[in-house]
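Observations on the three-dimensional arrangement
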Amino acid sequence: MTAKIVKRAFLFLMLLFIYLPILILAVYSFTSATQIGAIRGFSMKNYVTLFTTPELTDMIKGTLFLALGSAFIATILGTLGAIGAFYSGRKASTLITSLNQVPVVNADVVTGFSICILLVVVLHISKDTFIPLVAGHVTLCAPFVFLSVMPKIKQMDSSIYEAALDLGATPFKALVEIVIPQIVPGIISGFALAVTLSLDDYFIAMYTKPAMFDTISTYVVNATKGSQTTIKTALWALSTVIFAVVVLIVVGMNVRAMRQEGARHEHNHN
C-alpha cells in the first residue's frame, strides 16, 4: 500500500513539474499582465497582437513552412533508409543503423556548425538560398524518422516483398503496393516527430538561417532579450496555442487508436 502511494505521489509530482509552468503561462496569456508575478484583468490583447502583427504572423508561417517541408524530405529519406537497411545484409544493416545513431546522439550545436562550414564555407552556398537551413533540419529529423519506421518494418513479414517479385511485380511496384502500406503508421509517426523537432530546433537554425529570417525558436530567444513588452507577452499566447494544438493532436491520435483497437477486437470476436 505504501509503495503504491509513493508511486502515485511521484507520478503526480512529475506531471506537476512538467505541466504547471505551461498552465501558468497559459493563464497569464489571457491577462493584461506585462510580467509573471502579478495577475491583472482578463484580456485577449496578447492573442490579438499575435495574429495581427505582420512580424509575428510572417515568422509563424515561415516556421511552419520550413517544418513541413523539411519533415517531408526527411520522411522520404528516413523511410528509404530504413527499408534499405532492413533488406541489406547483416553487416550493411548494422553499419547503416549505427551511422544513423550518430546524428541522434550528437549535439545540435555540432550538427549546425558542421553543416554551416560544409555548405557555406566550403561549398560557398549562400544562406539566403535557405539550402543550409533546410539541409540542417533534414539532417536533424531524418534519423528519427528512420527510428520510427524501422520497428514497423521489423514487424512485417520479410518474405512478402520477395513473394511479390516472384509473382511478377517490379521492385518499385512491390515497394509501393506491398511494403509501404504496411509501414504507414511508422511513416506518419516519423513525419509528426520530424515536424516537432524542426519547430523546436534553435541551434541548427541559428547557424544556418538567412539573416532576415527567424524561426519560432530563434525569434523567441531574441525577443526575450529585447525590451518590447508587447511582443514578449504575445509570445505567451503563441506558447499556449502551440501547447493546445499538440494536446488536441495527441488526444485525437489516441482516440483514433483506441477506436481502431476496439474495432479490431470486435472483428476478432465475431
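Preceding this section is the structure that the text describes.
In what follows, the accompanying structure is described. All residue numbers refer to positions counted from 1 along the written sequence of the respective chain. Two thresholds apply to this predicted model, a pLDDT of at least 70 for residue-level local features and 80 or more for giving and counting side-chain atom pairs, whereas whole-chain, interface and lining totals are computed over all residues. Hydrogens and water molecules were not included; the side-chain quantities draw on all heavy atoms of the structure.

Describing the overall build of the protein chain
Here a strand is any run of E in DSSP of at least two residues, a helix any run of H or I of at least four, and the numbering for each starts at the N terminus. Scanning the protein chain from terminus to terminus reveals 12 helices and 0 strands. Moving toward the C terminus, one meets the helices and strands of the protein chain in the order α-α-α-α-α-α-α-α-α-α-α-α. For the protein chain, the spread of C-alpha atoms along the three principal axes comes to 70 × 65 × 35 Å. Pairs of residues are marked as contacts when any of their non-hydrogen atoms sit within 4.5 Å. Long-range pairs, those at least 24 residues apart, make up 68% of the contacts in the protein chain between residues at least 6 apart in sequence.

Here's the deal with the nonpolar core
Membership of the largest hydrophobic core comes to 27 residues, with the highest contact counts inside it found for Ala82, Ile83, Cys141, Val149, Ile153, Val179 and Ile183. Mapped onto this core, the elements with two or more residues apiece are helix H3 (54-86), helix H6 (131-155), helix H7 (159-166), helix H8 (171-182) and helix H9 (184-200). Of all the elements, H6 adds the most residues to this core, at 9 residues. Beyond its immediate chain neighbours, meaning those up to four positions away, Ile183 contacts Thr79, Ile83, Val149, Lys152 and Ile153. Nonpolar core, defined: a set of buried Ala, Val, Leu, Ile, Met, Phe, Trp, Tyr and Cys residues in which side-chain atoms within 4.5 Å join the residues together. The buried label applies to any residue whose accessible area, calculated with a 1.4 Å probe on protein chains only, is under 20% of its type's maximum; exposed applies above 50%, and partly exposed to all values in between. Counting 13 residues, the second largest nonpolar core, distinct from the first, contains Leu50, Leu56, Ala234 and Leu238.

A closer look at the environment of Phe86
Tracing the backbone shows Phe86 in helix H3. Along the primary structure Phe86 and Gln155 are separated by 69 residues, whereas in three dimensions their C-alpha atoms are 11 Å apart. When sequence neighbours within four positions are dropped, the list of residues in contact with Phe86 reads Met150, Ile153, Lys154, Met156 and Ser158.

Some thoughts on the state of the cysteines
Put simply, a disulfide is two cysteine sulfurs that come within 2.5 Å. With the rule as written, the count across this model stands at 0 disulfides. Looking at Cys116, it has no disulfide partner, and the nearest cysteine sulfur is the one in Cys141, 18 Å off. Owing to a relative accessible area of 11%, Cys116 belongs among the buried residues under this scheme.

Quick look at the packing of H3 against H6
The convention used is that axes are lines fitted to C-alpha atoms, helices contributing only their stretch in contact, and that angles between N-to-C directions extend from 0 to 180 degrees. Packing of H3 against H6 leaves a shortest axis separation of 6 Å and a crossing angle of 45 degrees. In this view, H3 runs oblique relative to H6, as classed from their interaxial angle. Once H3 is placed against H6, the crossing between them reads as right-handed. Three categories are distinguished: nonpolar for Ala, Val, Leu, Ile, Met, Phe, Trp, Tyr, Cys and Pro, charged for Asp, Glu, Lys and Arg, and polar for the others, with Gly belonging to the last. Classifying every residue of the contact of H3 with H6 by side-chain character gives 18 nonpolar, 6 polar and 1 charged. Orientation categories follow fixed angle ranges, with anything under 35 degrees roughly parallel, anything over 145 roughly antiparallel, 65 to 115 roughly perpendicular, and all other angles oblique. By convention the crossing between two helices is left-handed if the near helix lies anticlockwise of the far one by an angle smaller than a right angle, and right-handed if it lies clockwise.

Considerations on the packing of helix H2 (residues 45-52) against H3
Two elements in contact, H2 and H3, have axes separated by 5 Å at closest approach and are oriented at 65 degrees. What the angle tells us is that H2 and H3 run roughly perpendicular. Of H3, the residues touching H2 (which contributes Thr49, Leu50, Phe51 and Thr52) are Pro54, Leu56, Thr57 and Ile60. Here the residues of the contact of H2 with H3 sort into 5 nonpolar, 3 polar and no charged.

Remarks on the packing of aromatic side chains
Two measures describe an aromatic ring pair: the distance that separates the ring centres and the angle between the ring planes. Ring pairs shown here join Phe, Tyr and Trp side chains whose ring centres sit within 6.5 Å, with only the six-membered ring taken for Trp; geometry is labelled stacked below 30 degrees between planes, edge-to-face above 60, and tilted in between. For the structure on display, the rule yields 8 aromatic pairs. Ring plane angle 25 degrees and centroid distance 4.8 Å describe the contact between Phe30 and Tyr47, whose orientation is recorded as stacked. Pair noted here: Phe30 is in the loop between helix H1 (2-29) and H2 and Tyr47 is in helix H2, with a separation of 17 residues, a long-range link. Residue Tyr47 is classed as buried on the basis of its relative accessible area, which comes to 10%. An aromatic cluster is defined as three or more aromatic residues linked by ring pairs; in this entry it consists of Phe30, Phe42 and Tyr47.

Describing the pattern of salt bridges
A side-chain nitrogen of Lys or Arg and a carboxyl oxygen of Asp or Glu constitute a salt bridge if their distance falls within 4 Å. This model, assessed by the stated rule, comprises 1 salt bridge. Lys209 serves as the salt-bridge partner of Asp214, at 3.6 Å between the closest nitrogen and oxygen. Owing to a relative accessible area of 11%, Lys209 belongs among the buried residues under this scheme.

Quick look at unusual backbone geometry
Among all residues save glycine, negative phi is the norm, and among peptide bonds the norm is trans. Although it is not a glycine, His124 adopts a positive phi angle of roughly 55 degrees. Of note in this structure, Phe130 is not a glycine but carries a positive phi near 70 degrees. Residue position: Phe130 is located in the loop between helix H5 (108-122) and H6.

Concerning the side chain of Thr111
When you line up the elements, Thr111 lands in helix H5. What qualifies as a polar contact is a pair of N or O atoms within 3.5 Å, subject to a donor-acceptor requirement within protein and to the restriction that residues adjacent in sequence count only when both atoms come from side chains. Within polar-contact distance, the side chain of Thr111 engages the side chain of Asn106 at 3.3 Å. Here Thr111 is in contact with Asn106, Thr139 and Ile204, once residues within four sequence places are set aside.

In short, geometric facts, not functional conclusions.
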